[in-house]
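Summary of the model geometry
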Amino acid sequence: MNEAAELITQYRAANDLPPVVVDPVLMQIATFHTRRMAHRLGELTHAFPREVSFQQRLVAGNYQTLKAVENLAGGLENLQKVLDLWKNSALHNLADRGLRKQKQP
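We now turn to the structure provided with this report. (Residues numbered from 1 in each chain as written. Predicted model: local features only at pLDDT ≥ 70, side-chain atom pairs only at ≥ 80, totals over all residues. Heavy atoms only, no water.)

1. Here we look at the packing of helix H1 (residues 3-14) against helix H4 (residues 79-87)
Orientation of H1 relative to H4, taken along the N-to-C sense of each, is 35 degrees, at an axis distance of 11 Å. By crossing handedness, the relation of H1 to H4 is classed as right-handed. Of the residues in H4, those touching H1 at Glu3, Ala4, Leu7, Ile8 and Tyr11 are Leu79, Gln80, Leu83, Trp86 and Lys87. Tallied by class, residues from the contact of H1 with H4 come to seven nonpolar, one polar and two charged. (Axes fitted to C-alpha atoms, helices over the stretch in contact; angles between N-to-C directions. Helix = DSSP H or I, 4+ residues; strand = E, 2+ residues; numbered from the N terminus. Left-handed = near helix turned anticlockwise from the far one by under 90°. Contact = heavy atoms within 4.5 Å. Nonpolar A, V, L, I, M, F, W, Y, C, P; charged D, E, K, R; others polar.)

2. Observations concerning the environment of Ala73
Locating Ala73 in the fold gives a position in the loop between helix H3 (54-60) and H4. The partly exposed category is assigned to Ala73, whose relative accessible area is 42%. Sequence spacing of Ala73 and Leu44 is 29 residues, and the spatial spacing of their C-alpha atoms is 7.5 Å. The residues contacting Ala73, other than those within four sequence positions of it, are Leu44 and Val82. (Buried < 20%, exposed > 50% of the residue type's maximum accessible area, 1.4 Å probe, protein only.)

3. Brief notes about the side chain of Glu51
You can see Glu51 is positioned in the loop between helix H2 (24-39) and H3. Owing to a relative accessible area of 17%, Glu51 belongs among the buried residues under this scheme. Among the polar contacts listed, one links the side chain of Glu51 to the side chain of Arg36, at a separation of 3.3 Å. In this structure Glu51 touches His33, Arg36, His46 and Arg57, once residues within four positions along its chain are discounted. (Polar contact = N/O pair within 3.5 Å; in protein donor to acceptor, adjacent residues only side chain to side chain.)

Right, dumping it as structure tokens:
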């Protein structure tokens, strides 16, 4: 498990939620969009003009889900600062929303 997943899993455990499941399909979808943002000189956006939405990227990547969210962050010195910002944001903090990725059998 990567460092971000480990830290988020620790935070979720403290809030009685199951661990993060690193999904290779989601990682591929996210990596493609991240590379596009980096190519556009670090512009953070959920969708560039003439680009499909986050939900449409999931469908195009053959990822099936009823509910999903995308969080973007940049310009902070390190991962811990990003996570601190996320944890202290009522809008972005999913721990109290109970969204969870269930492991596939």
